[in-house]
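Chain and residue survey
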Amino acid sequence: MIRLQSCRKAYSKETQRSVPPEETLRRARELLPAAGITRVADITSLDRVGIPVFSSIRPTAATGAISVYNGKGATPVEAEVSAMMEGIERYSGEMDDRETVVRRYSEVSAEMTAINPADLVLPPRVPADIPVPWVLGYDIVQEEEVLVPAHAVYHPLPVTCGRLFRTNTNGLASGNTLEEATFHALMEVVERDAWSLVEATRKTGPRIEGITDGLAADLLAKFAAAGVEVTLKDITSDTGVPTVAAVADDVVLKDPALLTIGMGSHTSAGIAVLRALTEVAQSRLTQIHGAREDTDTADVRRKIGYERTKRLNRHWFTDGDAVEFATMPSFDTDDFLADINHVTDRLSAAGLSRVVVVDLTRPEIGIPVVRVIVPGLEIYAVDQDRIGRRCRDARNRRLPRSQL
């Protein structure tokens, strides 16, 4: 059973943590060997923009999982922390020797509360009521234990567990406390849902203007000085949780692999903007670093070509209406629990009545890691085989944008 408590914030720049990043860095660094992380590298200098990005390397990653994880931040310390925590949460999110119970939904739901796999947005042609492995989680809204398909919890999942849908890391997050990890995971599932609605409708929302000072303005100036045009879009969905997309176009190199997007969701609109900006910097470096490691992704994009890539993604690169940043709604508090309660209230108002948390913290690590699952939220932007009611309604213009 998970009991979330009041958890005050001690750091708030482009993200929020319950302790300063220097303290998180010290603790995480000591635990890297236990997570199989052998190296953490500063890769900022690979890109001319200069926004900090670090990578952590974990050669022992499970089959089917990546072994290099990137982290971003407004400062080198926060970027290094981000890369380390990413590696730790990926380690903690693997199944390994954890036990599951393999049964049909009709069987387990007759004995206790269970999430219907159909509510997790299944790919087409998945046979009904197939046997799947189940994991115990806790619904923090309904305040009850609930069984969840392991496909929504672990990544990767062994092929012996069957194929319900492709596993991913959406809603997997770490933190200094259980509350911090839960909030970060919640923000990720909200972000991916809003992004999915955009990709399903190809409507990106208004351009954000009026950012003239502070850290966000500094980051925008770094991009501009490097010849990278960055447009901010307000893609907030009907949940009302501020969600921002940062769209980058390198007008100097005109490299299709560097037409990148960064996303950020947060109860604070200002932090949503900062997270989008640091993530688009990370997205650039992921492409640059990937090309250096001789991966295929950048080569495929370059074969398509710069102009054609922009045309295929013109919904991101077309100007439309604008909104002043100062008018964006924001819910700013100094406590993670208050933020979590606000978000669950917003989800409930949007018809999403369950928020399931699975504690994946490894005892040999001790850093809290959770997976958050919100049945009904969309994953289409990450897995285009999975499109649910919210995306279909949005395509039919039945899903209004937030008017908050």
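- Named according to an unreviewed UniProt entry, the protein chain is YcaO domain-containing protein originating from Methanoculleus bourgensis.

Looking at a positive patch on the surface
- Taken together, the side chains of R202, R308, R311 and R314 make up a positively charged region of the molecular surface.
- Position of R314 among the secondary structure elements: in helix α9 (residues 314–317).

A word on the nonpolar core
- Counting residues in hydrophobic clusters, the biggest one holds 38 residues, and the most contacted among them are I88, V153, Y154 and I373.
- Put simply, the parts of the chain that give this core at least two residues each are α1 (21–35), α2 (76–92), β7 (132–139), β8 (144–149), β15 (356–359) and β16 (369–373).
- Shared between two domains, this core holds at least three residues of each, these being domain 1 (11–96) and domain 2 (101–161).
- Setting aside chain neighbours within four positions, we find Y154 in contact with G93, E94, M95, R98, T100, V135, T167, L360 and R371.

Considerations on the packing of aromatic side chains
- Per the counting criterion, the structure on display carries 2 aromatic pairs.
- Arranged with centres 5.7 Å apart and planes meeting at 50°, the rings of F183 and F336 form a pair that is tilted. With F183 in helix α4 (residues 178–201) and F336 in helix α10 (residues 336–349), this residue pair connects regions lying 153 residues apart in the sequence.
- Directly above the aromatic system of Y91 lies the positively charged group of R362, at a separation of 5.2 Å from the ring centroid.
- The residue whose ring lies beneath R395 is Y380, and the NZ or CZ to ring-centre distance is 5.7 Å.

Digging into the side chain of D193
- Position of D193 relative to the elements: it lies in helix α4.
- Not counting residues within four places of it along the chain, the set of residues in contact with D193 comprises S237, L377, E378 and R390.

Overview of the pattern of salt bridges
- By the definition in use, this model includes 28 salt bridges.
- Residue K72 pairs with E279 through a salt bridge whose shortest N-O separation is 3.7 Å. Taken together, the positions of K72 in strand β5 (residues 68–72) and E279 in helix α6 (residues 269–292) put the pair 207 residues apart, joining distant regions of the chain.
- Take E279: its relative accessible area is 17%, and that puts it in the buried class.

Topic: the pairing of β8
- Judged from the 6 bridges that link them, β7 and β8 form a sheet pairing that is antiparallel. Each bridged residue has a counterpart across the sheet, and for L136 the counterpart in β8 is L147.
- Here β7 folds back onto β8, and the loop between the two strands holds 4 residues, one of which, E143, carries a positive phi near 55°.

Details of α1
- Look at α1: 19 Å from first C-alpha to last across 15 residues, which is about the 21 Å you get at 1.5 Å a residue.
- Along its length, α1 shows its largest kink, about 35°, at R29, and proline P33 lies within four residues downstream of that point.
- Within α1, burial applies to P21, T24, L25, A28, L31, L32 and A35.
- Where α1 is buried, its residues meet β1 (11–12), β2 (16–17), β3 (39–42) and α2.
- Looking at the residues trailing α1, positive phi occurs at G36, about 80°.

With respect to a nonpolar patch on the surface
- A contiguous nonpolar patch, built from V251, V252 and L253 and spanning about 250 Å² of accessible area, is present on the exposed surface.
- Looking at the element boundaries, L253 is found in the loop between β12 (243–250) and β13 (260–265).

Details of unusual backbone geometry
- Following H155, the chain continues to P156 via a peptide bond in cis, the omega torsion being -5°.
- Summarising the element assignment, P156 is placed in the loop between β8 and β9 (172–174).
- The phi dihedral of D96 is positive, around 50°, even though this residue is not glycine.
- Examined against the element boundaries, D96 turns out to sit in the loop between α2 and β6 (101–103).
- D96 gets classed as partly exposed once you look at its relative accessible area, which sits at 47%.
- Phi angles above zero are rare outside glycine, and R125 is one such case at about 65°.
- Here R125 is to be found in the loop between α3 (105–108) and β7.
- The exposure class assigned to R125 is exposed, which follows from its relative accessible area of 77%.

Re the domain arrangement of the protein chain
- Here the protein chain is partitioned into domain 1 (11–96) and domain 2 (101–161).
- Together, the buried faces of domain 1 and domain 2 total about 530 Å²; carbon and sulfur atoms form 69% of this surface.
- Where domain 1 meets domain 2, there are 0 salt bridges.
- Across the contact surface, domain 1 and domain 2 share 1 residue pair in polar contact (both at pLDDT 80 or more).
- For the side of domain 1 that touches domain 2, the residue count by class is 3 nonpolar, 3 polar and 1 charged.

Rules used throughout
- Residues numbered from 1 in each chain as written.
- Predicted model: local features only at pLDDT ≥ 70, side-chain atom pairs only at ≥ 80, totals over all residues.
- Heavy atoms only, no water.
- Patch = residues over 30% accessible without salt bridge, like charges linked within 9 Å, V, L, I, M, F, W, Y side chains within 5 Å.
- Areas by Shrake-Rupley, 256 points an atom, 1.4 Å probe, with all protein chains shown as cover.
- Salt bridge = Lys/Arg side-chain N within 4 Å of Asp/Glu carboxyl O.
- Lys, Arg positive; Asp, Glu negative; His and termini not counted.
- Charge placed at Lys NZ, Arg CZ, Asp CG, Glu CD.
- Helix = DSSP H or I, 4+ residues; strand = E, 2+ residues; numbered from the N terminus.
- Core = buried A, V, L, I, M, F, W, Y, C linked by side-chain atoms within 4.5 Å.
- Buried < 20%, exposed > 50% of the residue type's maximum accessible area, 1.4 Å probe, protein only.
- Domains from an automatic or database assignment.
- Contact = heavy atoms within 4.5 Å.
- Phe/Tyr/Trp six-rings, centres within 6.5 Å; stacked < 30°, edge-to-face > 60°.
- Lys NZ or Arg CZ within 6 Å of the ring centre and 35° of its normal.
- Pairing = 2+ DSSP bridges.
- Expected span 1.5 Å × (residues − 1).
- Bend = angle between axes of the 7 residues up to and from the residue.
- Buried area = accessible area lost by both parts, 1.4 Å probe.
- Polar contact = N/O pair within 3.5 Å; in protein donor to acceptor, adjacent residues only side chain to side chain.
- Nonpolar A, V, L, I, M, F, W, Y, C, P; charged D, E, K, R; others polar.

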